[in-house]
Structure formats: C-alpha cells, structure tokens
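Each chain, letter by letter, is given below.
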Amino acid sequence: MLFNSYEFIFTFLPIALVVYYALGRYHHESAILWLGLVSVFFYGYWSFYSLPVLGLSIVANYFLGNELQRRQEEVKKIILILSIALNLLALAYFKYVNFFIDNTNILLSNIGAEPWRALNVILPIGISFFTFTQIAYLLDIYLDRVKKVSFSNYMLFVTFFPHLIAGPIIHHKQVMPQFSNEGIFKVDLEKIAIGVIIFVIGMAKKLLIADPLGSYADQIFGGISGGSAPMLLESWLGSFAYTFQLYFDFSGYSDMAVGLSLLFGIILPFNFNSPFKARSIIDFWQRWHISLTKYIGDYLYTPITLFFMRLGQSRSEALELFISLVTPTILIFLILGIWHGANWTFVFFGGMHGVYVVVNHLWRRLPEQSFFKNFCILKIVLAWICTFLAVDIAFVMFRSTSISEAFIFYKGMMGFYGEGSLGSSPSILFFLAAGLLVSLVLPNTLSLMNSDSKEIFNYRPPSGRAAPAVFAVYIGLLAFLCLLSLNHPSTFLYFQF
Amino acid sequence: MSSELESSIYIFVFSVLMKPKRILIIIFLTPCLLFALLVCSYFAKPEYFYFRAWEFFDNLIISGPYANTQFLEESGDSSRAYLSQAYTYKNNISINHYGNRVACLEPGQLDHRSILMLGDSQLFGSGLDDNDTLPIRLCEEFQIPIYNGSRLHELNLTSSKEFNFSSVIFTASERLGIKRFCMAAPDFDKASSADTTPPYSLKKSFTLNFLIQNLNYLIGYLQSRFSVVTQLTLPWKAPVADIISFQHTKSDQDYQDELKCALRLNQHYSKKGISTAFVYFPSQQTILRETLLVKSDVTTDEFIPRMVDIMNVSGLSSLDTKRCLLAAAKEGRVTQPHDTHLNGSGMRAMSQCIKESKIAKLFGR
C-alpha cells in the first residue's frame, strides 16, 4: 500500500486515525498498541513474507536491549557486540549475500573453479532503515542514554508506518518521549492542519514533479540498457531529470511521512533542507538525507575519525592529514554508498562523494583568494554550479545499473556520441525549470514549519494576524491535482534501499 | 534570501494556523468545489469531454422514440495521448432509440430485403456527417433498407423481433480484423436467442446509475488528460502524421484466426437463412503506404488481398477493398488526416467498390 494510493488515503488512514483517537481518549496504551498493529498491517500489506523478519528483529532487539540494561559493564560490552553483529549479519544476508556470491563467482571463474549458486533471498522491504534504527537504540542503551520502555512503545518506535519503509531514520530520543506525552492522544487541529499541508506538499513533489521527470530519466537511462548511447543534450537532460526526480521523490516521501505522523500528534524529524541550495559538498550533506548523515556522523564518523586522528598524531603533516582526514572520510562514504544497495555503482557513488568531501576540506584550508573577496557573487555562483554539477555527476553513477553503463553515460555527457536534440518532448525543459524553481526559490517544508528557529519543534504561532486563505486554497488545488494522478501509483525510489 | 525575509514572508502562512479548523475546511473544500465545477461544466457542455461520438451517446443519451441528433466535434483515438489535437471533425451525428446511428432502416420496419451492417468506428462513421456514412451511401446506391448496427447490440440485433434481415455484412478495420466479433462474443453461436436478447431501447436518463456512469467517465477523462500533461515522452500537441506510428503486423496465425471466425459467423447465420459477407476497411498506412513512406512487412502489406482470396476459396463472400481503394487514392486523399478512417470521399469510393463487386448480389443486384 503506497501513501499515494486511493486505498491508503480513503480507507487505511481514516480508519487508523479514528480508532487511534477513540482509543486514546480512554486508554493510551491501547492507542499505542493499535498504532503498532496498523503499522505491522501496513508493512505486511507490502510484503507478507517479510513480516517474520521484522517481527523477529523487533523481539530479538527488545530482548537484547533489556539484557543490556540489566547487565554489568563487561557482559554489557559482549551483549552489545553480539547484538550489533546479529543485526548486521541479518542485513548482510538479506541485502548483500548474492552480491557477495556474484563477485566470488567472478574470482572463481578466473581460477576455473565451480561457481556458487545464488540464493533465493527476498529482501525485506525497509530492512536497512529498521536495522539501523535499532542498532542506534542498542548503542544508546549501552551508553545509559535510554530508560526502560514497554514493548508496545518499542514496537511502535520501530514499526511506526510513516517512517518504517524509507525513513527518516528516527532516534529514540526524538520520538519515544512523545509516546508518553498525553497530548498526542488528543485531537490537535493545529498539528493536523500542519500535517495535512505537509502531506499534500510531499505528495505533490512526488506525483507532479518526480514522476514526470522519472519517465524521462527512465527513457534515457533505459536506452543504454537497450543498446543506444545517449547524446550530449539528452544525457545532460537525463542526468538533471534523475537528480531532481531522486530529490523530489525522496523528499516528497519524507514530507509525507512527517505529515502523516503529525496527524497522529507525533513529530518526526525532517530529512531535507533544500540540498540544491548548497554551495559546497559538505553543505550538501548537511541538507540531504539529514537523518542518515546525522546517524552516520554520530555513530560512525565521529568514532572512526577520532580513532584515525589518534593514529595520525605525531606524524608528518601530510601523513597526519591522510590518516585523520582522507582515510576516515573515504571509508565512511564507501559505507554510505554500499548502504544504498548491493552494487558496485553504489560503492563508486560513495567513493566519489568521499573524494568530493576531502577536496572540499582541503579547499577550505586554503587562504581565500583576494580575487573572490572582490567578487562575492561570482564566488557564490561558481560554488553553487560546482556543487550542483558534482552532485549530478555522482547521481549518474547512483542510477546506473552497472559501472560500464555509467561510463557510457559519462561519455555521452562529454559529447562522444554526438550533440543530440530535444526530440519530441520539449516539455522536459518545463519540468526541469519547475524542479529548479521549487528547489531553489520556494520554501522547503522545514522553513514552512519554523522560520526563525533552529529547533524544529519549538514552533509558536504569532498572535493577532489576519488569516489569508490563499495558501489553504493553493494546498487544496495541489491536493486536487494529486488525486488526479493516483490512478497509476508509482513506488518510491528509496523503497529499494 | 535572508532568514529575516524568509521569516516575514512565511510567518504569515502560519498565522493562518491560528484557525486550523478553517484551514482544514478550506483544504478539503477546495478540491470538492473544483470537482463540482467540473461536473457542472461536464453536464452543461458534455461535447467538450469526448473524442468520439458513440462515447458521448453511450453516457449521455436521452431516451425516446425519436432520433437524437448532436452537432459533435470528434478528434479520434490517436488524439487521446496528446493535449491538443491536430484535427477535429464537426458533424451532425444522429442515433435512433436503439442507440445505433441512423441509416435508412429503423426498428419496426420489417422488410425481407433489409441488410444489417456490423462494424466499428469506421462503419459508425466517426468523423463523418450522417449523410456520409457507408450504410447511407449504400442506401442511396441500392435503394434498399440498410441498418447501421455498429457499436451497440451488434450480433444481438438479428434476435430483435423488430427486424427481418436477409443479410449481414461484417466490416472490420484491417488492424483489428473480423476476429474481434468472435472475441467480443465468444459464445455467440452457442447461446439461445432467448438468452441473449438484450433490452434494445435506451433506458431513461437521470437515474443514479446514469449519474455514477457519467461521474466515472468524467474522473477517467480528467485523469487521462492530466497524465498527458505529466508524461514527458510524447509532445503535448498531436503531430500531423501520428497515425503512422501505429504499426500493425500480421502473422500466419492471424490469417487462420480470421478465417475461423468468419466461417463460424457464416455458419451461424446461414442456419437462420441469413447470408453473410466480409469487408475490410484498409488502414491509411496500407493504401497510402508509398506516399507516407511507411515501413511494412509482406504479411501485413498483403493482408487484405490474401485474406479475401482465402475467404473466397472457402466459399465466403468478400472483396479486395485495398486494390479498389488504391485506385481511388491515386485520385486524391480518401482518408482522414491524423486518423485511419475513410473520409466522405473515401466512403463514396468504398460504396462504389461494393457496387462493382460480387457482394452487390446481396443488395439485389
């Protein structure tokens, strides 16, 4: 069941909401349990065969978490390592085992050995997300950052349907305290209004921008699989189309997740902050898939960097720089790349961004050129162009089904196969312009939620103002256009991760 | 944009959240009002929401024992994939109380010479005025009663007690073929006529079913039109020669299926004492292939002549409309631009072809 489908909007959601608030009026625990059960139903509707995996993961991690809370330091460490290993093993098995077998077979075929048979493994949808969520929870228990929680609260924390399949990756600290707050069980029209607005904006991003651009991008990238190489113009248009498709698809999903959770009175973190406004790669990663980069930053980047920094101490400056900056950065981004999927293209994608970030760090160490002191605007424009192009080029690798396909595309971008033309679909320019306008000029949903504070959830509306209804009409119009597009629902790109 | 400016511009947005109930009402009411407006527009001017006349009549017909005439604009099936149309044809289109297009025979006129013609959009006369359809042309040519049974009731018409047909002429577009009759009603020769006799006269309108039917149509129409806007792989404006992109190919199996269906139809109606004949409407790509430079394979190119030969050898009546129309095509266009249908002069040429063929004996010549 997709968020952008009739059965979700007109059947599942109203029933879930009505029963939730009805139960919440009399017994909060029942409302939490109900929400957990509908979330499990939502997941099972997607993939019934993945339910046992999800169930086992939740039960095992809850049990291990309780053991971690009970035990003494030495045993705690062992339990922690065991529990993280089990989670990663499960993830590795379902997501990477056939990738491992395929690559091993390449080596085996080179030495003339018998290839291994691929396993018939079905990837449980959302496994990357709920595994990482639970690992963070276990780590925080170990660090005594978590109080004891009930099983129903824990189950809801992991399975809450708006975020279960494609994030945002939520931290227990952000969400679990809300389950104990009585306020979420009372109908809060303000939260519901904001939730509806954000949900509609997210749906519009997906249906009105991402999907049309996706049809064009699929045609260009699919052409390579079919044996035709893209020419200069269509390869650049195709890459831009995919870049915007990916952003609007994923940020649209994230917005819908935030909006839906607000309908239940629960606030989820935002996942994007206008990443295409970024003027550096470091800035880009602070705005793109924020929950994942925050997760990786807190649980991987910081400890790994500290480790390498200690290694690099008392060495030559160049060596220290290589050990303390280059190595952890590349390593982290390779992990980030492979997290997305079992393909070398994702590894290369991660590696590309690792190099970008290293270059960015080194650039920042250089003294600012006096030329740019006098031409600030030029500096800003150039920085923006370089960042956007770097991101766009890396997304070509991300989208391609193989390294060779990516290189064919890159050659197309360099004009190896001719100049090309707009062909019979000049309307692509209109949608690309719309994508650029929305991502660069219009406010993102984060700024709509709170425009003068860094703290997302501290919004306080001003008093005494008139209430223009124009914005509400605009949202209603967007909703109408989205409803017209629901007859052919399309899945979200990040579901495959 | 500075954060202060952002704040001042967008804080007003959230001032509306002072009254969230009002905001929610506006958000939910806006699409409802928009849809209501579209529904009103639809019922006020329904002709703007259709590509084909029979869809219009299927959904919006007013019942009664009189012919219903509408001056309608049609643009054709190939126009559905585009936002704006290259060609439209505005004509008077009249139907009778059975919902079939008028010719020169009405239900209740029992005449032992009467002929039933069955077919699809070409026989219906899509894009043509009432007086330009093939049955009307044949009426003028042969001066005998002919009923245009295309698009509605079809094979069931011979069960109606208001007719007494001596012959049935099956017409089909070259692309879909005669076999479409057998696919649409697979058990036509097995069921008894009592089981299959439908209610012929059109039902009264303005019932709940009528409303639901039209709302469903309108929603489907709006959805398909909107998907045309959001698809980026085709242009918004229909190209002039779009129909050329519609390729069809024929295999040996297609020939066999055609013959099998034609034999079944002939056998079924022969038992009732009704003669049959089979006529193909050639595609624009076929009769104007060299002019339009359309690629084609031999089995497709030669489909009509070969099929006619096969039918004649099997004792079925047919005529090589392709050879006949090719001659007419050389004298000027016989098909609609941007569509595969024959135009008025094409139908005149077609009626001439039938007049000069062996099929003419069915008309008493």
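Residues numbered from 1 in each chain as written. Chains lettered and ligands numbered in written order. Predicted model: local features only at pLDDT ≥ 70, side-chain atom pairs only at ≥ 80, totals over all residues. Heavy atoms only, no water.

**What about the packing of helix 9 (residues 189-225) of chain A against helix 20 (residues 470-484) of chain A?**
Residue and element names in this part refer to chain A. We count it as follows: Convention adopted: a line fitted to C-alpha atoms gives each axis, helices being fitted over their contacting stretch, and angles between N-to-C directions are expressed from 0 to 180 degrees. A run of H or I in DSSP becomes a helix once it reaches four residues, and a run of E becomes a strand once it reaches two; helices and strands are each numbered from the N terminus. Should an angle fall under 35 degrees it is taken as roughly parallel, and over 145 as roughly antiparallel, whereas 65 to 115 is taken as roughly perpendicular and any remaining angle as oblique. Each crossing gets its hand from how the near helix is turned against the far one by less than a right angle, where anticlockwise is left-handed and clockwise is right-handed. Should any heavy atoms of two residues lie within 4.5 Å, those residues are considered in contact. Residues were grouped as follows: Ala, Val, Leu, Ile, Met, Phe, Trp, Tyr, Cys and Pro as nonpolar; Asp, Glu, Lys and Arg as charged; and all remaining residues, including Gly, as polar.
Where helix 9 contacts helix 20, the axes come no closer than 9 Å and their chain directions differ by 45°. The angle between helix 9 and helix 20 falls in the class oblique. Between helix 9 and helix 20 the crossing geometry is left-handed. In this structure, helix 9 contributes I197, V200, I201, M203, A204, L207 and L208 to the contact, and helix 20 contributes F471, I475, L478, A479, L481 and C482. Here the contact of helix 9 with helix 20 is composed, by residue class, of 13 nonpolar, no polar and no charged.

**Thoughts on the packing of aromatic side chains**
Short version of the rule: Only rings of Phe, Tyr and Trp enter the pairing, Trp through its six-membered ring, and a pair is recorded when the two centres are within 6.5 Å. The plane angle decides the type: under 30 degrees is stacked, over 60 is edge-to-face, the rest tilted. Only protein chains enter the accessibility calculation, which uses a 1.4 Å probe; a residue is then buried when its area is under 20% of its type maximum, exposed when over 50%, and partly exposed in between.
For the structure shown, the criterion picks out 80 aromatic pairs over all chains. Ring geometry for F8 of chain A versus F42 of chain A: centroids 5.9 Å apart, planes at 70°, classification edge-to-face. A residue pair is termed long-range when its members are at least 10 positions apart, and F8 of chain A in helix 1 (residues 6-26) and F42 of chain A in helix 2 (residues 28-46) qualify at 34 residues. Comparing F8 of chain A with F42 of chain A shows no difference in burial state: the two are buried. Between Y147 of chain B and F165 of chain B, the aromatic rings sit 6.4 Å apart at their centres with planes inclined by 45°, giving tilted as the arrangement.

**So, helix 17 (residues 403-413) of chain A**
Residues three or four positions apart in an α-helix share a direction because the helix packs 3.6 residues into each turn. All names here are of chain A. We count it as follows: What the arc covers is the set of directions going from the helix axis to the C-beta atoms.
The complete set of buried residues in helix 17 reads E405, A406, F409, Y410, G412 and M413. The arc that holds the buried residues of helix 17, viewed along the axis, is 155°, so those residues lie on one side. Packing partners of the buried residues in helix 17 comprise helix 9, helix 10 (232-263), helix 14 (344-365) and helix 16 (376-399). At the C-terminal side of helix 17, G415 shows a positive phi close to 85°.

**Description of the state of the cysteines**
Residue and element names in this part refer to chain B. Under the convention used in this document: Only a pair of cysteine sulfur atoms within 2.5 Å qualifies as a disulfide here.
Scanning the model with the defined rule gives three disulfides over all chains in all. Linked covalently through their sulfurs, C104 and C139 form a disulfide whose S-S length is 1.8 Å. Since a negative S-S torsion denotes a left-handed disulfide, the C104-C139 link at about -80° is left-handed. Remark: C139 occurs in helix 5 (residues 134-142) and C104 occurs in the loop between strand 2 (89-95) and strand 3 (115-118); sequence separation between them is 35 residues. For C139, a relative accessible area of 8% puts it in the buried group. One disulfide bridge connects C182 with C261, the sulfur atoms lying 1.8 Å from each other.

**Notes on the pairing of strand 5 (residues 167-173) of chain B**
The side chains of a regular strand alternate, first on one face of the sheet and then on the other. Residue and element names in this part refer to chain B. What counts is decided by this rule: Pairing between two strands is assigned when DSSP locates at least 2 bridges connecting them.
Most of strand 5 is tucked away, with seven of its seven residues classed as buried. Side chains S167, I169, T171 and S173 project from strand 5 onto one buried face, and the interleaved V168, F170 and A172 project onto a second face that is buried too. Pairing geometry for strand 3 and strand 5, over four bridges, is parallel. Bridged to M117 within strand 5 is I169.

**Some points on the pattern of salt bridges**
Residues and elements named next belong to chain A. Applicable threshold: The rule for a salt bridge is simple: a side-chain nitrogen of Lys or Arg has to be within 4 Å of a carboxyl oxygen of Asp or Glu.
Counted by the stated rule, this structure contains 19 salt bridges over all chains. A salt bridge links K206 to D211; the nearest nitrogen and oxygen atoms lie 2.9 Å apart. By relative accessible area, which is 21% here, D211 ends up partly exposed. Because the salt bridges share partners, they merge into one network encompassing K206, D211 and D249.

**A few points about the side chain of S57 of chain A**
Following the sequence through the fold, S57 of chain A ends up in helix 3 (residues 51-70). The residues touching S57 of chain A, leaving out its near neighbours within four places in the chain, are N87, F130 and Q134 of chain A.

**Considerations on the confidence of the model for chain A**
Residue and element names in this part refer to chain A. Rules: A score from 0 to 100, pLDDT tells how confident the predictor is in each residue.
Residue-level pLDDT values for chain A average 85, and 92% of them are 70 or greater. Across chain A, helix 11 (residues 281-287) holds the top mean pLDDT of 94, while helix 15 (residues 370-374) sits lowest at 59. Note that residues 451-467 has pLDDT below 50 and, in this model, 30 contacts with residues that lie over four places away or in other chains.

**A word on the sheet that holds strand 5 of chain B**
Residues and elements named next belong to chain B. Judged by pairing direction, the sheet is parallel, and its four strands sit side by side in the order 4-3-5-6 without closing on themselves. This sheet does not close on itself; its edge strands, each paired only once, are strand 4 (146-148) and strand 6 (275-281). Across the sheet, the axes of successive neighbouring strands diverge by a mean angle of 20°, strand direction being ignored. Pairing of strand 3 with strand 4, which is carried by three bridges, proceeds in the parallel orientation. Its bridge partner being in strand 4, M117 is matched across the sheet by N148. Running over the sheet, helix 9 (residues 252-270) touches strand 5 and strand 6 and is turned about 150° from strand 6.

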